[in-house]
Every structure is written in C-alpha cells, then in structure tokens.
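Below are the chains, spelled out letter by letter.
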Amino acid sequence: MTAARQRILSGVKPTADSLHLGNYIGAVRQWVAMQDQYEAVFFIPDLHAITVDFDPAALATRTRTVAAQYIAAGVDPEKAIFFVQSHVPEHAELAWVLNCLTGFGEASRMTQFKDKTAKSGSDAATLGLFAYPTLMAADILLYQADLVPVGEDQRQHLELTRTLANRFNTRFGETFTVPEATILKETAKIYDLQNPAAKMSKTGESPNGAIQLLEDPKIAAKRIKSAVTDDGTEIRFDAEAKPGVSNLLTIYSSLTGRSIAELEEAYAGKMYGHLKVDLAEVMVDFVTPLRARTAELLDDPAELDRLLAHGAQRARAIASVTLQDVYNKVGLLAPATAGR
Ligand code: TYM
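Residues numbered from 1 in each chain as written. Predicted model: local features only at pLDDT ≥ 70, side-chain atom pairs only at ≥ 80, totals over all residues. Heavy atoms only, no water.

Asker: Looking at this structure, I do not really get the overall build of the chain. What am I missing?
Answerer: Along its length, the chain carries 14 helices and five strands. Whereas a compact globule of 340 residues would reach a radius of gyration of roughly 20 Å, the chain reaches 21 Å, a difference of no more than 12%. The principal-axis extent of the C-alpha atoms belonging to the chain is close to 80 × 45 × 45 Å. Every one of the 340 residues in the chain was classed for burial, and the buried ones make up 48%. Just so you have it, the chain exposes about 16500 Å², and 54% of that area is on carbon and sulfur atoms. Counting 35 positive and 42 negative side-chain charges, the chain places the centres of these two groups 2 Å from one another. (Helix = DSSP H or I, 4+ residues; strand = E, 2+ residues; numbered from the N terminus. Rg over C-alpha atoms; globule rule 2.2 N^0.38 Å. Buried < 20%, exposed > 50% of the residue type's maximum accessible area, 1.4 Å probe, protein only. Areas by Shrake-Rupley, 256 points an atom, 1.4 Å probe, with all protein chains shown as cover. Lys, Arg positive; Asp, Glu negative; His and termini not counted. Charge placed at Lys NZ, Arg CZ, Asp CG, Glu CD.)

Asker: Mind showing me how you'd approach the environment of N208 here?
Answerer: Relative to the assigned elements, N208 resides in the loop between β5 (180–182) and α10 (217–225). Distance in space between the C-alpha atoms of N208 and L193 is 7.0 Å, their sequence separation being 15 residues. Ignoring anything within four residues of it in the chain, the contact list for N208 reads L193, Q194 and R223. Within the structure, N208 has its side chain in polar contact with the side chain of R223 (distance 3.4 Å). (Contact = heavy atoms within 4.5 Å. Polar contact = N/O pair within 3.5 Å; in protein donor to acceptor, adjacent residues only side chain to side chain.)

Asker: Which parts of the structure should I look at to understand the site of the ligand?
Answerer: Around the ligand, 29 residues are found, and the nearest of them are K13, Y132, D139, D153 and I190. In the environment of the ligand, an oxygen atom lies 3.2 Å from a nitrogen or oxygen atom belonging to the side chain of N23. Between D153 and the ligand, the recorded distance is 2.4 Å, taken from a side-chain N or O atom to an oxygen atom. Where the shell around the ligand is concerned, the elements lending two or more residues are β1 (7–11), α1 (21–34) and α8 (132–141). A breakdown of the residues in the shell around the ligand according to their chemical character gives 13 nonpolar, ten polar and six charged. (Near = heavy atom within 4 Å. Nonpolar A, V, L, I, M, F, W, Y, C, P; charged D, E, K, R; others polar.)

Asker: Explain the packing of aromatic side chains to me, please; I cannot follow it from the model alone.
Answerer: Aromatic ring pairs are defined here through the distance separating the ring centres and the angle between the ring planes. This structure, assessed with the given rule, holds eleven aromatic pairs. Ring geometry for F83 versus Y143: centroids 5.8 Å apart, planes at 45°, classification tilted. Highlighted residues: F83 in strand β3 (residues 81–84) and Y143 in the loop between α8 and β4 (147–149), separated in sequence by 60 residues. The exposure classification of F83 matches that of Y143, with both residues buried. A centroid spacing of 4.9 Å and a plane angle of 65° characterise the contact between F113 and F130, whose relative ring orientation is edge-to-face. Of this pair, F113 sits in helix α6 (residues 111–120) while F130 sits in helix α7 (residues 127–130), and the two are 17 residues apart along the sequence. The pair formed by F113 and F130 is uniform in burial state, with each residue classed as buried. One aromatic cluster is present, formed by W31, F42, Y70 and F82 through successive ring pairs. (Phe/Tyr/Trp six-rings, centres within 6.5 Å; stacked < 30°, edge-to-face > 60°.)

Asker: What should I look at first to understand the environment of K222 in this one?
Answerer: Considering the arrangement of structural elements, one finds K222 in helix α10. Residues K222 and G173, 49 residues apart in the sequence, show an inter-C-alpha distance of 56 Å.

In structure tokens:
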C-alpha cells in the first residue's frame, strides 16, 4: 500500500475582473507545479469576496472568470478538487464554530483587518471582514490540508489557522491536521510596478502598477516598459538598493525558468531599457495564450459550471465528514433521522 499523499489547498478571491500577475506568480503557479505530487484542493472563495464592498452581478461573473483562469493557468479539474466556496455550505458552518473559539482581541490583531479598517474606517468595516480569517481557517481545516501554497501576505492568516487547529485539538481531542504555509522565498511578494515598496495588488494606487492577466497584452507590455526602475544603471538583484529592477528580475525568472544569476549575467553591461523590452516580450508571450484559453472557457459557461458542480460534490464528501466530527465533539445534538 502506498502512503496517502499529502493534501494542498488554496484559493484566490473573485474581487477583480482578472487575476493579476502577483496572484499568478505568488500562488497559482505553485499550485500547478504541486498538483501532480499532492492531492490538491483549489477553490474560489466567493464568501470572502463579500466581506468588502461588492457588486452582485460582477461577483457572479468574476467567480466564473477566476474559475476559467485557474484552468487556463494549468489547474487540472480532474486531478484537483475544484469548486466555489459557497457551493459547499460546510465552510460557513465550520467558520461559525471557529468564531466561537476565537478571541475578540485575537481577531482584532490581524494586520489585514487593521489595514483595511484604517483605510475605510471601522464603521464601514463589516463583521464579515472581522471574521475573514476564521472563515479562511475553516476553508483549510475542513479538508485536513497539510500545505497551503500562498504569498507572503497570507502568512498571519495561516498562523491563526494553526493556532485554532491546535486549540480545537487540545480542547476537544485530535480532529484537525495542523497545516503549514508554503511560501516560496523568491516569489512570495511581487511588487507594484509603479511603487516597488508596495505589493502588487487589486487595489494599488495606480492601475499601471499591476498587470491584469486578462487585459490586452499590449497594455501588459506597456506597463513593463514604464515600470519604475532605480538609480544607477547596473542590472543586478538587490532588493534593498534596487527594488524596481529586482522585481523585474523576479518576474522574468519566474516566467522563463531562467535563474536570477543567469539573467544578471545575460544583462551585464546592458541598460534597464534592454531588460524591459525583453521582459515586455516575455510578458506578451505569457499572457496571450492564457487570455485566449480563458476566453474559450468562458464561452462555454455550462461546461465550467458542470466542472464546478462536480468539484463541489467531491469537496462535500470530505468537508461533511470533518464538520460532522466537529459537531459531535463540540456536543451539538445530532438530529434524529426523520421517521414517524
Ligand atoms: P487573495 O485573493 O488576496 O490572493 C490570492 C493569492 O495571491 C497571493 N498574492 C501575491 N503573491 C505574491 N505577490 C503579490 N503581490 C501577491 N498578491 C497576492 C496571495 O498571497 C494569495 O496566495 N485570503 C486569501 C484567499 C483565501 C485562501 C483561503 C487562501 C481564502 N481562503 C484558504 C488559501 C487558503 C486571499 O485573500 O488571497
């Protein structure tokens, strides 16, 4: 008998019209590389998307778009369990139990919550946003995931997930696998092209700072060419002294598989402009087929929905077992089967 494979799990929120390059390099690319070796669970956290302001019509469209982008980027819906979070009610149900085991102060210390409320003010922040990390913990713990491949910005959420798993196990008996974050050092944080001190994000200050994978490839090329670079002329990786150029080298290396050292050697004595022109071309070659494949998948929403329904069924088979165990351990009375 072969030992059971370890399980990985991750997701990207459907809060924009397209995944951006940071989502791909920081997360989705790792998933695709890992899905053969591990049992994989990749889902679309739509319940997380409504923790901030949202538009209902856009949410549904974006959910399908993210699903199509996963597949276009290489997620295999036959291998990986691939579904939409709200199609598996156990996520919200386990989150409730975890909410009741999480301290108010503990949740208040989550930096993403603090950052978001600092921007919008605490009256605009919802209880949903406050409980965001416990829903994320539920996502992970329901499937007994061993590894969670994410970017650096999710590290604290993973820490809380581990704390809650240990807390539950100690109080109610061994129930959850305590997961670990898989954060690749080199690509943990892709920076904004206009402001290399900030991470590339859906809500960056300038739209030119991010590359949206579904935008016209010409725009992606333009954004690379107009990326902010640093003083001096030398092309070498130095995150402190040369954050702009280092970010471009990280992106270049990640999309081509060429090592940073190899790129530094290839560009020795050349100008920033050369690097940008070449990387712009790499970017066009990368986004063009990805965009075409996404469009093709979105042209057949019924097939996409069928894949998601199949995935939700597979997900529920696992999630319902964990939830039932949790309910029993917590002492929630099991309903009698309806008879007479
Ligand atoms: P989200 O939707 O903000 O981002 C999705 C993934 O992309 C990574 N990422 C980046 N990586 C490198 N550089 C960047 N500039 C960059 N920007 C984003 C994120 O780290 C993430 O891995 N809370 C999660 C969604 C989620 C989830 C989960 C993830 C909900 N439940 C369970 C894992 C497991 C989030 O907001 O990701």
